Amino acid sequence: AVVLGIESSCDETAAALVTSDRAILAQRIASQDDAHRPYGGVVPEIAARAHAERLTPLIEATLADAGMALGAVDAIAATAGPGLIGGVMVGLVTAKALALAGGKPLIAINHLEGHALSPRLADASLTYPYLLLLVSGGHCQILRVDGVGRFRRLATTIDDALGEAFDKSAKVLGLGYPGGPALERLAATGNPRAVPLPRPLRGHAEPHFSFAGLKSAVLRAKESGEHADADIAASFQQAAIDCLIDRTARALDAAGTVSALVVAGGVAANKPIRAALEALASRHGLPFIAPPPMLCTDNAAMIAWAGVERLALGQNDPLDFVARPRWPLDPEAEPARGAGV
Ligand code: ATP
Ligand code: MG
Ligand code: FE
């Protein structure tokens, strides 16, 4: 089967065609970084308008890249939340129109499930259940993934997401937007032990995360004028890694038997983070699986793949499916954000 995937939940407009044998026949990503850069972050109204202008031509170009007509597609999968609601609605409405016009099933995808299943697109050997560290711009969670739509959340952040902490620290260091990749580059030139920074919740019995205090400490280190920017960047990244490793190790102890340690989401593109997690997995005798960086940050191939998995289970959604600004993967674990640990 071939599934057309559509992603528009934040500031990437994306379309992709993915087969059930994991071939990405075509994929296009139009980033809106230039449009949001002057504001230092994503502006929802600008994002929604840009998605509306770009999505249809982008889908046409993606089909043309693969030499396919819409009629040859087996299903249309689109992000239906969570995310910036204007952009999500643009993608979902477009998918509904294509599904209706082409007589194809519509599959409404949770963007986080797209991230969560992306490692299975990248690696055919990955089987359920696996332990997933989901680190992105809006989330920092550890989930046991038992199957499609079957998630048990073991941990979340009590304040900031890790991607948010990277972006805000990058902003403090004048690295512009988006900050994560720029901070990683600068950190590679600095001393990770130069600046003393906190490791929030390290050693805590529950495997939750906290990054707000680390972010504030980066601001104080910068304002003190005592440290080189590269040393602050390297020390921040090291503190983040130490927290991830400590918390993920704790979750591995609580997770029961899993087939692998897996990382996904935009921050999973970070090379030192991947290396540290790989070492952790090997200490636990587990395979480590991380998608290639292009499948870590927002893309439509992961949405199409989640569609492939749901289609294979005979699942699809009605054309009146409503976009969801909030949509937890594990509803039983909500609400925890801000509720204390
Ligand atoms: P969510 O998926 O939680 O809704 P999002 O879709 O905005 O949020 P993603 O696109 O998955 O987030 O990830 C973007 C985040 O990843 C940004 O915060 C960005 O700075 C961060 N990021 C991307 N590359 C790197 C990197 N190399 N190192 C650290 N952070 C990175
Ligand atoms: Mg983006
Ligand atoms: Fe994302």
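Residue positions are given per chain, counting from 1 as you read along its sequence in written order. Just so you know, chain letters begin at A and ligand numbers begin at 1, following the order they were written in. Local features in a predicted model are, by the rule used here, given only for residues with pLDDT of at least 70; side-chain atom pairs are given and counted only at 80 or more, and totals for whole chains, interfaces and linings are based on all residues.

**Focus: the overall build of the protein chain**
Along its length, the protein chain carries 11 helices and 10 strands. Computed over its C-alpha atoms, the radius of gyration of the protein chain comes to 20 Å, within 12% of the 20 Å expected for a compact globule of 341 residues. Referenced to the eigenvectors of the C-alpha coordinate spread, the extents of the protein chain come out at roughly 60 × 45 × 35 Å. Burial status across the protein chain gives 52% buried among its 341 residues. Long-range pairs, those at least 24 residues apart, make up 74% of the contacts in the protein chain between residues at least 6 apart in sequence. The helix count covers DSSP runs of H or I at least four residues long, the strand count covers runs of E at least two residues long, and both are numbered beginning at the N terminus. Using C-alpha atoms as the atom set, the radius of gyration is obtained and then compared with a globule rule of 2.2 Å times the number of residues to the power 0.38. Think of it as a crowd count around each C-beta: if 20 or more other C-beta atoms lie within 10 Å the residue is buried, if 12 or fewer it is exposed, and in between it is partly exposed, with C-beta placed from the backbone throughout. With C-beta atoms placed from the backbone, a contact is any residue pair whose C-beta atoms sit within 7 Å.

**A few points about the sheet that holds strand β1 (residues 2–7)**
By the convention used here, strands pair only if DSSP detects at least 2 bridges between them. Across the sheet, which stays open at both edges, the five strands sit in the order β3-β2-β1-β4-β5 with mixed pairing between neighbours. Every interior strand has two partners, whereas the edge strands, β3 (24–31) and β5 (106–110), have only one. The sheet shows a mean angle of 20° between the axes of neighbouring strands, direction not considered. Lying over the sheet, helix α2 (residues 44–66) contacts β1, β2 (12–19) and β3, oriented at roughly 25° with respect to β2. Against the sheet, helix α4 (residues 111–122) engages β2, β4 (75–81) and β5, with an angle of about 95° to β5. Only C-alpha atoms enter the line fits that serve as axes; for helices the fit covers just the stretch in contact. Angles between N-to-C directions range over 0 to 180 degrees.

**So, the environment of I142**
Looking at where I142 falls in the secondary structure, it is placed in strand β7 (residues 140–147). For I142, a count of 25 C-beta atoms within 10 Å gives the class buried. Through-space distance from the C-alpha of I142 to that of L154 is 5.5 Å; in sequence the pair is 12 residues apart. Filtering out sequence-adjacent residues up to four positions away, I142 remains in contact with L131, L132, L133, L154, A155, P207, T248 and A251.

**With respect to the UniProt feature "binding site: Fe cation" (unreviewed entry) in the protein chain**
UniProt positions are given in the numbering used here, feature names are shortened, and annotations may be inferred rather than shown by experiment. Under the UniProt annotation, "binding site: Fe cation" (unreviewed entry) lies at H111, H115 and D298. For the annotated residues, spread through 188 residues, the largest C-alpha to C-alpha distance comes to 8.9 Å, consistent with a single compact locus. With respect to the helices, strands and loops of the structure, H115 is situated in helix α4. You can call H115 buried: it has 29 C-beta atoms within 10 Å. Once residues within four sequence positions are removed from consideration, H115 is found in contact with L134, S136, A264, G265 and M302. Classification of D298 by C-beta neighbours within 10 Å gives buried; the count is 26. Contacts of D298, omitting those with residues within four sequence positions, involve E7, C10, E12, A14 and G266.

**A look at the site of ligand 1**
Residue proximity rests on one test: whether the C-beta atom, placed from the backbone, lies within 6 Å of the molecule or strand. Around ligand 1, the surrounding shell holds 23 residues, and the nearest of these are G137, G138, G163, G180 and G266. Secondary-structure elements contributing two or more residues to the shell around ligand 1 are α4, α5 (162–172) and α6 (180–187).

**Concerning helix α8 (residues 229–254)**
If you check α8, its first and last C-alpha atoms are 38 Å apart, about what 26 residues at 1.5 Å a residue would give, namely 38 Å. Immediately beyond the C-terminal end of α8, within one or two residues, lies G256, with a positive phi of roughly 80°. For a helix, the expected span equals 1.5 Å multiplied by the number of residues minus one.

**Describing the confidence of the model for the protein chain**
Chain-level statistics for the protein chain give a pLDDT mean of 96 and a share of 98% at 70 or above. Scored by ipTM, the complex comes to 0.99, with pTM at 0.97. One confidence number per residue, pLDDT, is output by the predictor and ranges from 0 to 100.

**Describing the nonpolar core**
Joined through C-beta atoms within 7 Å, a set of buried Ala, Val, Leu, Ile, Met, Phe, Trp, Tyr and Cys residues constitutes a nonpolar core. Counting 109 residues, the largest nonpolar core has A77, L132 and A304 as its most contacted members. Residue contributions to this core peak at 10 residues, all from α8. Not counting the four nearest positions on each side in its chain, A304 is found in contact with V3, L4, G5, A16, L17, V18 and A77.

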